[in-house]
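# Structural overview for review
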Amino acid sequence: MTVGPRAAAAAPSAVPAAGLPPAGRAPARLRVGVIGAGRVGAVLGAALAAAGHEVVAAAGLSAASRARAARLLPGVPLVPAEEVVAAGDLVVLAVPDDTLAGLVAGLAGTGAWRLGQLAFHTSGAAGLAVLAPAEDAGVLPLALHPAMTFTGAPEDVHRLLAAPFGVTSRPEHRPVAEALVLEMGGEPWWVAEADRGLYHAALASGANHLVTLVAEAADLLRTAGVEEPARVLTPLLTAALDGALRGGDRALTGPVSRGDVGTVAAHLQTLGERAPDAVDAYVALARRTTERALAAGRLRPHEGAPLLDLLRAEEAAR
Ligand SMILES: NC(=O)c1ccc[n+]([C@@H]2O[C@H](COP(=O)([O-])OP(=O)(O)OC[C@H]3O[C@@H](n4cnc5c(N)ncnc54)[C@H](OP(=O)(O)O)[C@@H]3O)[C@@H](O)[C@H]2O)c1
């Protein structure tokens, strides 16, 4: 991923579509359609409205979507997806990932897409390929993924301020894509189409596995008799996260960083006895930690080799 600097949004635009800005300007006031009024769609719709665009239609059938639309998109009619597309210069596709491809293709099948429309989806995993049926109909496809958590509450609109967005578009549409992100209050970060899967794997690995690691550590502390694991973990984990975000592998402390094979062997022994379900993940992460410490020069080869031997032996024994 390369940085998508804010300045890029002011770069000349070659977007040919009707209703879009002359070169170098953010999109003019657009009629926006939102499919659907979920946790993300309703919030981004509200952010686009706050930026001066007009949300003209939204889709959503469930009681939750209706309630969110009433709160965040007051007065916006809820209509079928085809009618949302018919009403909008810009169509926001904020539906579950597994639904996106079928929805885009289904709308193409009904002839809903129009030449010169803008459409963006909010999926992190997908890039532009999923929008191909719309692009074939003349739509300008954009993938704008807000890399933050949404609950669908009104506060989310404020939390968008400076939220990073993973932006993928055709190169000539990049200024418009980045301008839309800036208008919603976010910060655009360019992700090439070919890198989209890796981008999303990185975010999921970091955010989701972090939760598992923290929850696992808290459970192990509880098993060890610590009554309030969060209070014990907070200073240590906060410092580790801060250090890793600033310095990467240089922030590593603990037995692997010291090549302390005896301590790692003792961990494996005690986890095997007290928390056997935790052993596989510990071995896999200790091995990856050792490899990264070696690559970063934190461990010398003669310190890392015995650790890797121990961990490989443990894996082979399981
Ligand atoms: N939530 C997050 O924190 C977050 C963060 C970044 C990106 N994203 C991405 O944003 C997208 C939307 O996620 P979300 O959390 O907002 O989902 P969500 O809260 O479940 O909302 C999904 C919305 O899509 C509608 N919908 C579902 N299937 C549809 C279909 N076939 N046709 C038309 N509308 C349909 C739903 O309507 P009904 O209510 O009527 O079912 C609902 O309004 C996903 O790609 C997700 O990966 C989510």
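Anything mentioned here points back to the structure above.
Right, let's walk through the structure included here. All of these numbers come straight from a predicted model, not from anything done at the bench.

Tracing the backbone through its elements, the reader meets Thr-122 in the loop between β5 (118-121) and α5 (132-136). For Thr-122, the contacting residues outside a window of four places in its chain are Val-40, Leu-44, Leu-93, Ala-94, Leu-144, His-145 and Pro-146.

Quick look at the site of the ligand now. Around the ligand, a shell composed of 23 residues is seen, among which Leu-61, Ser-62, Ser-65, Asp-97 and Phe-150 lie nearest. A distance of 3.2 Å separates an oxygen atom of the ligand from a polar backbone atom of Ala-37. Note that an oxygen atom of the ligand is positioned 3.2 Å from one of the backbone N or O atoms of Gly-38. In isolation the ligand exposes 900 Å². Once the protein is present, 74% of that is buried. Applying the majority rule of atoms within 2 Å of the grid points places the ligand in the second largest pocket. Sorting elements by how many residues they give to the shell around the ligand places helix α4 (residues 97-109) first, with 3 residues. Looking at side-chain class alone, the shell around the ligand contains 11 nonpolar, 10 polar and 2 charged residues.

We now examine the pairing of strand β7 (residues 164-169). Within β7, 5 of the 6 residues are buried, which leaves it mostly tucked inside the rest of the structure. As paired strands, strand β6 (residues 140-146) and β7 are joined by 5 bridges and run antiparallel to one another. The residue of β7 that forms the bridge with His-145 is Gly-166. In terms of strand pairing, β7 meets strand β8 (residues 187-190) through 4 bridges, oriented parallel. Its bridge partner being in β8, Val-167 is matched across the sheet by Trp-190. The handedness of the β7 to β8 crossover, carried by helix α7 (residues 174-183), is right-handed.

Calculation criteria
- Residues numbered from 1 in each chain as written.
- Predicted model: local features only at pLDDT ≥ 70, side-chain atom pairs only at ≥ 80, totals over all residues.
- Heavy atoms only, no water.
- Helix = DSSP H or I, 4+ residues; strand = E, 2+ residues; numbered from the N terminus.
- Contact = heavy atoms within 4.5 Å.
- Near = heavy atom within 4 Å.
- Polar contact = N/O pair within 3.5 Å; in protein donor to acceptor, adjacent residues only side chain to side chain.
- Areas by Shrake-Rupley, 256 points an atom, 1.4 Å probe, with all protein chains shown as cover.
- 1 Å grid on protein atoms, 1.4 Å probe; cavity = no way out; pocket = protein on both sides within 12 Å on 5 of 7 lines; lining within 4 Å.
- Sits in = over half its atoms within 2 Å of the grid points.
- Nonpolar A, V, L, I, M, F, W, Y, C, P; charged D, E, K, R; others polar.
- Buried < 20%, exposed > 50% of the residue type's maximum accessible area, 1.4 Å probe, protein only.
- Pairing = 2+ DSSP bridges.
- Right-handed = clockwise from strand over helix to strand, strands pointing away.

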